[in-house]
Amino acid sequence: MPAARLEVQGLAAGYGSVGILGDISFAVPAGGRLTVLGRNGVGKTTLLATLMGLTTHKGGSVKVGDRDVTGLKTYARAAAGLGYVPQTRDIFRSLTVEENLFTGLKGRPRTDLEAIYTMFPRLAERRNHGGMQLSGGEQQMLTLARTLLGKPTVLLLDEPLEGLAPVICDQLMETVLKLAQSGEMTVVLVEQQIERALDFADDVMVIERGRIVWQGQAPQLRADQGLVDSLLGVGIG
Ligand SMILES: Nc1ncnc2c1ncn2[C@@H]1O[C@H](COP(=O)(O)OP(=O)(O)OP(=O)(O)O)[C@@H](O)[C@H]1O
Ligand SMILES: [Mg+2]
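Conventions we followed
Residues numbered from 1 in each chain as written. Chains lettered and ligands numbered in written order. Predicted model: local features only at pLDDT ≥ 70, side-chain atom pairs only at ≥ 80, totals over all residues. Heavy atoms only, no water. Helix = DSSP H or I, 4+ residues; strand = E, 2+ residues; numbered from the N terminus. Buried < 20%, exposed > 50% of the residue type's maximum accessible area, 1.4 Å probe, protein only. Contact = heavy atoms within 4.5 Å. Areas by Shrake-Rupley, 256 points an atom, 1.4 Å probe, with all protein chains shown as cover. Lys, Arg positive; Asp, Glu negative; His and termini not counted. Charge placed at Lys NZ, Arg CZ, Asp CG, Glu CD. Near = heavy atom within 4 Å. Polar contact = N/O pair within 3.5 Å; in protein donor to acceptor, adjacent residues only side chain to side chain.

(A) Summary view of the overall build of the chain. Looking only at helices and strands, the chain has 10 helices and 10 strands in total. If you line up the chain on its principal axes, its C-alpha atoms span 45 × 40 × 35 Å. For the chain, the residues scored as buried account for 51% of the 237 residues in total. By sequence separation, contacts in the chain at least 24 residues apart represent 68% of the contacts at least 6 residues apart. Per element, the accessible surface of the chain, about 10,500 Å² overall, is 52% carbon and sulfur. Treating the 24 positive side-chain charges of the chain as one cloud and the 25 negative ones as another, the clouds have centres 6 Å apart.

As structure tokens, this is what we get:
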């Protein structure tokens, strides 16, 4: 399936009675790349979790292609094309790499697994290693690989680079960029490494206290250090 457009209108959400996100509207065209930036605790993870139906819905809508997924449960959203790589690397630590991948295969042909091993040679080498024996980077690759086996049309990535060595970050971002450029998926990336995030994105969105405070193109933000400072309070590069 080719990449799908993601459209979010007036989304509001939280946890139980607590409101976290409000009035979130944006769209990513099919095959587009959006980076979501923001300081710690502003609601970036909550946004991705909300797109997956994992928080308390308080208003607004989410569309994947032509499909309105707002009222759907998480598994149905996944079936509608949303793939989610959470900030907490969700692997089964007691299973091997290959067994972890099998859980993402869900009856699809084994050849899909070989395609994933080609994309992640490191996982191929470690296919019989236990999840517990993997490095942070390998765990992140495994989580991403398992999500990709579900053939998402919109991929949601929550800080995939957190805690990884620079060279592993390079490899991972290269893989994700290739995927996005293949036209097979639309990608929403939450990332705190601003330079890498801007290298990746077409469009950028900055969140502050659960609201969008800036939306624009990556080069605009890159060219304006004052804006970066005021929005994110950090230097770039
Ligand atoms: N399960 C939860 N129940 C209640 N409140 C939560 C829950 N998860 C997060 N929050 C609150 O929601 C707000 C946004 O948190 P969130 O994890 O979305 O931020 P974030 O931007 O992803 O931060 P970080 O950059 O540290 O990952 C915070 O105030 C946090 O305390
Ligand atoms: Mg987060």
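So much for the structure itself; the text now carries on.
(B) Highlighting the site of ligand 1. Around ligand 1 sit 13 residues, and of these Gly41, Lys44, Thr45, Thr46 and Gln192 come closest. Contact distances for ligand 1 include 3.0 Å between an oxygen atom and a backbone N or O atom of Gly43. In this structure, Glu159 approaches ligand 1 through a side-chain N or O atom, which is 3.4 Å from an oxygen atom. Relative to its free-state accessible area of 630 Å², ligand 1 is covered by the protein chains to the extent of 59%.

(C) Molecular detail of the environment of Asp90. Inspection of the secondary structure puts Asp90 in the loop between strand S6 (82-85) and helix H3 (97-105). Residue class for Asp90 comes out partly exposed when judged on its relative accessible area of 40%. Beyond its immediate chain neighbours, meaning those up to four positions away, Asp90 contacts Thr143 and Arg146.

(D) Just unusual backbone geometry, in detail. The backbone of Lys151 shows a phi angle near 50°, a positive value even though the residue is not glycine. Relative to the elements of secondary structure, Lys151 occurs in the loop between helix H6 (136-149) and strand S7 (154-158). A relative accessible area of 43% places Lys151 in the partly exposed class. Residue Arg209 is not a glycine yet carries a positive backbone phi of 45°.

Any link to function would need more than the numbers given here.
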